[in-house]
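Summary of the model geometry
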Amino acid sequence: MSKDRIRLSSTAAISQRAPDHNTNSNMRNRQIAWLRFVGLIIVSICACVNAAYSQSNNSGTDQGEAGEPYPNMPSIAPIGVRIGKYLDVPASAQGPAIDPAKGYRLQDMGRGLYMITDNAYQSMFLAYDRGVVVIDAPPGYAAHIPQAIAEVSDKPITHIIYSHSHIDHIGGAKALGGHPVIIAQEETLRLLKRAADPNRLLPTVTFSDKYTLRVGNQVLELSYHGNAHEPGNIFIYAPLQRVLMVVDVVFPGWMPWRRFALAQDIPGYFAQVEEIRKMDWDTLVGGHVARTGTHSDVDVQAEFNRDVRQAATTALATTKPGVGLNPLDKANPWAAFDNYIDRVAAQCVNTLTPKWSAKLAGFDVYVWDQCYAMEQSLRIE
Ligand SMILES: [Zn+2]
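Residues numbered from 1 in each chain as written. Predicted model: local features only at pLDDT ≥ 70, side-chain atom pairs only at ≥ 80, totals over all residues. Heavy atoms only, no water.

1. Digging into the overall build of the protein
For the protein, the count of helices and strands is 10 helices and 12 strands. Looking at the protein as a whole, 45% of its 381 residues qualify as buried. Restricting the contact set of the protein to residue pairs at least 6 apart, pairs at least 24 apart contribute 62%. About 19,600 Å² of surface is accessible on the protein, with carbon and sulfur atoms providing 55% of the total. (Helix = DSSP H or I, 4+ residues; strand = E, 2+ residues; numbered from the N terminus. Buried < 20%, exposed > 50% of the residue type's maximum accessible area, 1.4 Å probe, protein only. Contact = heavy atoms within 4.5 Å. Areas by Shrake-Rupley, 256 points an atom, 1.4 Å probe, with all protein chains shown as cover.)

2. A word on the confidence of the model for the protein
Confidence in the prediction of the protein, expressed as mean pLDDT, is 89, and 84% of residues score 70 or more. Of the regions scoring below 50 in pLDDT, residues 1-23 engages in 22 contacts with residues more than four places distant in sequence or in other chains. (pLDDT = per-residue confidence, 0-100.)

3. Concerning the pairing of strand β3 (residues 122-128)
A large share of β3 lies buried, amounting to 7 of its 7 residues. Taking every second residue as pointing to the same face, both faces of β3 are buried, with Q122, M124, L126 and Y128 on one and S123, F125 and A127 on the other. With 5 bridges joining them, β3 and strand β4 (residues 131-135) adopt antiparallel strand pairing. By the bridge assignment, A127 is partnered in β4 with V132. Counting the residues in the hairpin turn of β3 and β4 gives 2 residues. (Pairing = 2+ DSSP bridges.)

4. Thoughts on the coordination of the zinc ion
Distances from the zinc ion to its protein donors, H164 (NE2), H166 (ND1), H229 (NE2) and D248 (OD), fall within 2.1 to 2.2 Å. Coordination at the zinc ion is irregular, judged from the 4 donor atoms that bind it and the angles of 89 to 169° they form at the metal. Take H166: its relative accessible area is 22%, and that puts it in the partly exposed class. (Donors = N, O, S within 2.8 Å, 3.2 Å for Na, K, Ca; no water. Tetrahedral: all angles 85-135°; square planar, octahedral: opposite > 155°, others 65-115°.)

5. Things to note about empty space enclosed by the protein
Scanning all chains against the criterion turns up 1 cavity of 30 Å³ or more. Put simply, the largest cavity is a space of about 40 Å³. Around the largest cavity, the lining residues are V250, F251, P252, G253, W254, D297, V300, Q301 and L360. Tallied by class, the residues present in the lining of the largest cavity amount to 6 nonpolar, 2 polar and 1 charged. (1 Å grid on protein atoms, 1.4 Å probe; cavity = no way out; pocket = protein on both sides within 12 Å on 5 of 7 lines; lining within 4 Å. Points joined across faces, edges and corners; volume = space filled by probe spheres on them. Nonpolar A, V, L, I, M, F, W, Y, C, P; charged D, E, K, R; others polar.)

6. Structural notes on the packing of helix α9 (residues 333-356) against helix α10 (residues 363-380)
Remark: α9 packs on α10, axes separated minimally by 9 Å, with the N-to-C direction vectors making an angle of 125°. Judged by the inter-axis angle, α9 sits oblique to α10. Two packed elements cross with a definite hand, and for α9 against α10 that hand is right-handed. Between α9, through F337, I341, D342, V344, A345, A346, C348, V349, L352, T353 and W356, and α10, the contact on the second element is made entirely by F363, V367, W368, C371, Y372, E375 and R379. Of the residues assigned to the contact of α9 with α10, the class counts are 14 nonpolar, 1 polar and 3 charged. (Axes fitted to C-alpha atoms, helices over the stretch in contact; angles between N-to-C directions. Parallel < 35°, antiparallel > 145°, perpendicular 65-115°, else oblique. Left-handed = near helix turned anticlockwise from the far one by under 90°.)

7. Thoughts on the sheet that holds strand β10 (residues 234-238)
Sheet architecture is open: 5 strands sit in the order β8-β9-β10-β11-β12, paired in mixed fashion. Strand pairing shows two members of the sheet lacking a second neighbour, β8 (210-215) and β12 (283-285), which therefore form its edges. Between one strand and the next, the sheet's axes are offset by a mean angle of 20°, whatever the strand orientation.

8. A closer look at the nonpolar core
Counting residues in hydrophobic clusters, the biggest one holds 48 residues, and the most contacted among them are L244, F260, Y269, I276, L352, V367 and W368. Going through the elements one at a time, β10, α6 (258-262), α7 (266-278), α8 (295-318), α9 and α10 are the ones with two or more residues in this core. Grouped together as the second largest cluster of nonpolar side chains are 23 residues, M109, I135, I161 and V285 included. (Core = buried A, V, L, I, M, F, W, Y, C linked by side-chain atoms within 4.5 Å.)

9. A few points about the sheet that holds β4
Reading across from one edge, β1-β2-β3-β4-β5-β6-β7 is the order of the 7 strands in this open sheet, with mixed pairing throughout. The two strands at the open ends of the sheet, each matched to only one other strand, are β1 (105-110) and β7 (205-207). This sheet shows a mean twist of 20° between the axes of neighbouring strands, independent of strand direction. Sheet topology note: the strand β2 (residues 113-117)/β3 ladder contains 5 bridges and is antiparallel. From the neighbouring strand, Y114 faces β3, where its bridge partner is F125. Sheet strands in contact with helix α5 (residues 186-195) are β6 (181-185) and β7, and its direction is about 105° off that of β6.

10. Overview of the layout of surface pockets
In this approach a probe as big as a water molecule rolls over the atoms, and the regions it shows empty are the leftover space. Taken as a whole, the largest pocket holds about 1,200 Å³ of empty space. Considering the residues around the largest pocket, the lining is formed by 35 residues, among which G67, E68, Y70, G324 and N339 are closest to the centre. Secondary-structure elements contributing two or more residues to the lining of the largest pocket are α9 and α10. At 8 residues, α9 tops the list of elements feeding residues into the lining of the largest pocket. Partitioned by chemical class, the residues of the lining of the largest pocket number 15 nonpolar, 13 polar and 7 charged. Here the second largest pocket is characterised by a volume of approximately 390 Å³.

11. Describing the pattern of salt bridges
For the structure on display, the rule yields 16 salt bridges. D154 is the partner of K155 in a salt bridge, and the nearest nitrogen-oxygen pair spans 3.2 Å. The shortest N-O distance in the salt bridge between E274 and R306 comes to 3.3 Å. Taken together, the positions of E274 in helix α7 and R306 in helix α8 put the pair 32 residues apart, joining distant regions of the chain. (Salt bridge = Lys/Arg side-chain N within 4 Å of Asp/Glu carboxyl O.)

Okay, here's the thing in structure tokens:
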């Protein structure tokens, strides 16, 4: 019975007695008070029953429905739950503004080397006496690349270097036109053959470990350090400018994209961050975000990686499997693991939040992803 119906019927009972003009008025008042009292009791009982019913609904008696939150649930919303207002981007993660009329920003890295960015993606080009070497062509702004080159050179694009095979970094290659030499690691050629994407022209020159490109008085040193983000992802070093470009590994000022930027090999990914950290360079181009990186940015990311690994290691060791699992799910090992891994991830997020939530931009966006990726890597790799 609904609360409203109870209220209606008790009011009706009261009003039926209200016009009585023969009875003693004290008696009538007592009757009214009594009816009101009984009505209140019934309303309260119904309210309790309703609350209990809706709570039992929340606790997941209906199969497959969300249940009670885990104990010590983090305040950072888990994957799939809408965030009302994401954490503010710290000033340390911001970069110079884009000219909206141009749609890109050109950053002079010295001696003919330039970075182009729309403050979400980053690519480069290197001008020499007879031409231009383009390094990556993100499709989002590839149409602006010739215009950006024209700001500083009237020479044709003679070479394109692919950092790796992913479409979001090289899908604008064909749109650049001409017949440039295209250089990539041999794994990138393999993946591009499989993708058979006409916008990602196949490399014409490939290498296994190292390749040095000398054009005019410019030098680029390409090297392969194994799988991390994906097979074929290379380090591109400009020794004269002391600029290192490694895409999708370090995100200056930011949390890596979800699941360590979709790293296909997480131990390899962690090792590459350490490798970048120990190398000798002045400026890092990471392929994303609004600014270039420094050694201090790489130190911060390496520290974050170590903290995630430690938090997930501790959570795996101290979380008891099966706690809070509905006994009716005992024969469902997938359910038992889901419940266990969720609680491991929640503990990992709680461990990281105080130190990192205001330090790295996008912490609330991807911290759950990093914890899930980390615990899985630690369990099986
Ligand atoms: Zn990628």
